[in-house]
Amino acid sequence: MLMQIQVEEDRIGLSPEILRRAFLDNLFYIQGKPLALATKNDFYIALAYTVRDRMLHCWNSTASTYTARGSRTVCYLSAEFLMGPHLGNNLINLGIYDQMKQAIEGLDLDFEELIAQEEEPGLGNGGLGRLAACYLDSLATLEIPSMGYGIRYEFGIFDQEIRDGWQVEITDKWLRYGNPWELPRPEWAVEIKFGGYTEPFTDDQGRYRVRWIPAWSVKGVPYDTPILGYQVNTANTLRLWKAEAPESFDFEAFNQGNYYRAVQEKVASENLTKVLYPNDEKFEGKQLRLQQQFFFVSCSLQDMFHILERQQLPLEAFPQKFTVQLNDTHPAIAVAELMRLLVDKYLVEWDKAWDITQQTLAYTNHTLLPEALEKWALDLFAGLLPRHLEIIYEINARFLDRVRLKFVGDAERTARMSLIDEQGARYIRMAHLACVGSHAINGVAALHSELLKQTVLKDFYEFFPEKFSNKTNGVTPRRWIALSNPSMTKLITSKIGSGWIKHLDQLRQLESFVGDIEFQRQWRESKRSNKQSLAALVKNRLDITIDPDSLFDVQSKRIHEYKRQHLNALHIVTLYDSIKQNPTLEITPRTFIFGGKAAPGYYMAKLMIKLITAIAEVVNGDPDVRDRIKVVFIPDYNVTNSQPVYPAADLSEQISTAGLEASGTGNMKFAMNGALTIGTLDGANVEIREEVGAENFFLFGLITEEVAALKEQGYNPWDYYHSNDALKAAIDLIASGHFSHGDRDLFKPLVDKLLHHDPFLLLADYASYIECQTKVDQAYRDTQHWTRMSILNAARMGKFSSDRSIRDYCKEIWKVQPIEVL
Ligand code: 7GP
């Protein structure tokens, strides 16, 4: 019989007085420092433990409740979780932000400064990783039994510095000062095997079986982080795996006594979880990456089997106990690994194992870009996972038999759908594996899900249409409004109460205040104070003065040609050029703000950053411009640095080539915080516009079908260049060296690509974009009307709460119910 532990008031109490005592206690007993000797980091750690203590009893009650209720659990498998700093978020979810602020300020410490001490866990690149983080927040808030499974990278996404206008990558040492939010669980470590060969044998019951003799192995150690929901007792777990050398590995058995090579391999094993691959939407067929993928997938699946065992459930119960979501194809090897565990380890017969696998797994696709599609060279794959290759061959043989039966004589289709690409060098197609092994397949916005069915997954849609559905992305209003935008939060709550933080649809109630002059004034005041804060940050970090009364026009996201930051740049150059031609030109003063990282190996993206910073240098320094336009590139865009950006934006740039942005989630964060969108009909922009109303959205550009048709008929960017004087002038100015101290070569690759290929149709969309920007310019002058549009945007964003997305997944894919934790 377990004894109920005596929980001391100091560990759970929520009043400022108790919080203060607990904080000092933690400072003394955990950091070992009296007030007088403590550094800012000591204070931060003491503060973090004070908060963590208050989460731990929820965490333990949650675990006991789930065990007692035998809950069905959502397992979200993702190679990336871009969590952002935990402290502020946990304070919001515990509902003690103000009490803690009071407690800390009572000690004459700067509360915001301590919160800013946290090094965020940047364990993701961009949208896909941040989506996973928003989903964990919603899963906990909706009281859904769930577990996030991923990789504990020692180095997350690099820190970005800008030197001489260029991006420079700095190693992200986020664990340098320790991580108070995680608890290592070495007692639940698992072993992961790699390489070697397989051999058939007959077991003692006379069954034909296959044995995998691996060449090396690593140990996976789980590190658990509690994920607390908003004002509920539910605290779920994010379980991230770290690779370590195995305790005892009988390398002599495989290595003929080659001791040094074996030791080398042990060192290599620890490199497995060292670093996150910094590519966004570009596949790099590196062996270490495949090791990472298999490592965390196998760790997680083995963990699920252990849970099943601990709860004394039979193997058949696996798909009832667990529903596993594959966040893109990075964990798609789960299809083969689950089959291997069932068939080879647990001796389940193939058909039965296949049923379990399909019933368990579901797959989300996050991009249509062909360069992102994962396909592993067969030799590389075979060297690392020989048994999995055999299993994939078997899955493929059985699957293609069914294809041939349904589409008799259609050999081309069979070849297209094969799990193995055999046109030349052979590859394993991970998206195909994910589709075949899952019972559900979804895209992340309505348009994207349609395009999936019409393009990359067309054959699969025709084969099993019932598997396909859409789940439009969402973002958590806890971090992206309540925490990031306290002034707007306070204003909204003063009008409609605080229920909207959990039920974002309630924001609709703001519509009844849209004509209220006093409310409009307060709305503007809130936006202005947010702009002022961002201006102060920019001044502080970059020593650039920006005017909070100018229009803040923001594009922040990963730098990518398809996202077209250079189209935005062309607009700036056009404005600059018209001011130079006509120095008295009257325009709405604008501050152009950019932020985002480029993949280190993506030259064109890095050149786009250089172009923006080069334009900034010239424009900001030109006395003729007289502050009518300013350009700022905010370095090191990450979750922390993004939080003051969304609330300060007037205009949100969502200008990807139609059909290429699967959803976007920044678009949602901006609009929720009262920014208007200028955007193409792409990704979730389509649905945002539907919700907020076409009259409150600045639409421009070709639509997906027009993009396809134009490319089909033979697109020639030259025609646009020669027929549009402003466009020609802007491009010529860049080519002339005006922004590069006379250097005509610097931007040549970028200019040439636009003039000769322009795969993302900037030139085709330029005129429409500029015309739309002129409308923005005019609309902003009508302050009242702009305010009205801004309020309506925020009021109508209920659909884009990640709570709605998660409810859709729960109902339509995962079939799970909430379990209340008392
Ligand atoms: C992104 C998509 O580009 C973005 O449109 C979407 O909002 C986000 O996923 C979340 O669904 N994709 C990635 O970040 C990515 O790396 C390649 O995709 C697998």
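Residues numbered from 1 in each chain as written. Predicted model: local features only at pLDDT ≥ 70, side-chain atom pairs only at ≥ 80, totals over all residues. Heavy atoms only, no water.

By the naming in an unreviewed UniProt entry, the protein goes by Alpha-1,4 glucan phosphorylase and is assigned to Myxacorys almedinensis A. UniProt annotates the protein under Cofactor (unreviewed entry) with the comment "pyridoxal 5'-phosphate". The record in UniProt for the protein states the following under Sequence similarities (unreviewed entry): "Belongs to the glycogen phosphorylase family." (UniProt positions renumbered as here; feature names shortened; annotations may be inferred.)

A. Fine view of the overall build of the protein. For the protein, the count of helices and strands is 34 helices and 25 strands. Relative to the 2.2 N^0.38 estimate, which gives 28 Å for 822 residues, the radius of gyration of the protein is 27 Å and therefore close to what a compact globule would have. In terms of its C-alpha atoms, the protein occupies a principal-axis envelope of roughly 90 × 75 × 55 Å. Put simply, the protein has 822 residues, and 61% of those count as buried. Intrachain contacts of the protein at a sequence separation of at least 6 include 77% that bridge at least 24 residues. Side-chain charges of the protein comprise 89 positive and 107 negative groups, with the mean position of each set lying 2 Å from the other. (Helix = DSSP H or I, 4+ residues; strand = E, 2+ residues; numbered from the N terminus. Rg over C-alpha atoms; globule rule 2.2 N^0.38 Å. Buried < 20%, exposed > 50% of the residue type's maximum accessible area, 1.4 Å probe, protein only. Contact = heavy atoms within 4.5 Å. Lys, Arg positive; Asp, Glu negative; His and termini not counted. Charge placed at Lys NZ, Arg CZ, Asp CG, Glu CD.)

B. A look at the site of the ligand. Around the ligand, 17 residues are found, and the nearest of them are E281, H366, N473, E661 and G664. One of the side-chain nitrogen or oxygen atoms of N473 is found 2.8 Å away from an oxygen atom of the ligand. In this structure, S663 approaches the ligand through a main-chain N or O atom, which is 3.0 Å from an oxygen atom. Within the complex, 96% of the 450 Å² of free accessible area of the ligand lies under protein. (Near = heavy atom within 4 Å. Polar contact = N/O pair within 3.5 Å; in protein donor to acceptor, adjacent residues only side chain to side chain. Areas by Shrake-Rupley, 256 points an atom, 1.4 Å probe, with all protein chains shown as cover.)

C. Expanded view of the domain arrangement of the protein. Parsing the protein into structural domains produces domain 1 (70-85 + 120-473 + 807-814) and domain 2 (530-800). Look at where the C-alpha atoms of domain 1 and domain 2 centre, and you get two points 36 Å apart. Of the roughly 2800 Å² buried at the junction of domain 1 and domain 2 (both faces included), carbon and sulfur atoms supply 59%. Three residues, Q160, W166 and L447, lead the burial of domain 1 against domain 2; their summed loss comes to 21% of the area buried on that side. Here domain 1 is connected to domain 2 by two salt bridges. Across the pair D164 and K610 runs a salt bridge, and its minimum N-O distance is 3.9 Å. One can count 15 residue pairs in polar contact (both at pLDDT 80 or more) joining domain 1 with domain 2. Of all the elements in the fold, those that place two or more residues in the side of domain 1 that touches domain 2 are α7 (127-141), β5 (159-163), β6 (166-170) and α18 (446-454). Take the side of domain 1 that touches domain 2: its biggest share by element is four residues, from α18. A breakdown of the residues in the side of domain 1 that touches domain 2 according to their chemical character gives 15 nonpolar, twelve polar and eight charged. (Domains from an automatic or database assignment. Buried area = accessible area lost by both parts, 1.4 Å probe. Salt bridge = Lys/Arg side-chain N within 4 Å of Asp/Glu carboxyl O. Nonpolar A, V, L, I, M, F, W, Y, C, P; charged D, E, K, R; others polar.)

D. A look at empty space enclosed by the protein. One pass over the structure, following the stated rule, counts twelve cavities of 30 Å³ or more. One number sums up the size of the largest cavity: a volume of about 870 Å³. Along the walls of the largest cavity sit 49 residues, with N125, G126, G127, L128 and D280 positioned nearest its centre. Broken down by secondary-structure element, the contributors of at least two residues to the lining of the largest cavity are α7, α25 (639-642) and α26 (666-672). Looking at side-chain class alone, the lining of the largest cavity contains 13 nonpolar, 20 polar and 16 charged residues. Counting contributing residues, the lining of the largest cavity receives three or more from each of domain 1 (70-85 + 120-473 + 807-814) and domain 2 (530-800). (1 Å grid on protein atoms, 1.4 Å probe; cavity = no way out; pocket = protein on both sides within 12 Å on 5 of 7 lines; lining within 4 Å. Points joined across faces, edges and corners; volume = space filled by probe spheres on them.)

E. Structural detail: the packing of aromatic side chains. One pass over the structure, following the stated rule, counts 28 aromatic pairs. Summarising the aromatic geometry, the rings of F305 and Y346 are spaced 4.5 Å apart at their centres and angled 20° between planes, so their arrangement reads as stacked. Here Y346 lies in the loop between α12 (334-345) and α13 (350-360) and F305 lies in helix α10 (residues 287-310), a separation of 41 residues in the sequence. No difference in accessibility class separates F305 from Y346, as the two residues are buried. Ring geometry for Y461 versus F468: centroids 5.4 Å apart, planes at 85°, classification edge-to-face. (Phe/Tyr/Trp six-rings, centres within 6.5 Å; stacked < 30°, edge-to-face > 60°.)

F. Representation of the layout of surface pockets within the structure. Volume-wise, the second largest pocket comes out at about 670 Å³. The greatest single-element share of the lining of the second largest pocket, amounting to seven residues, is contributed by helix α3 (residues 40-69). Class assignment for the residues of the lining of the second largest pocket results in ten nonpolar, ten polar and six charged.

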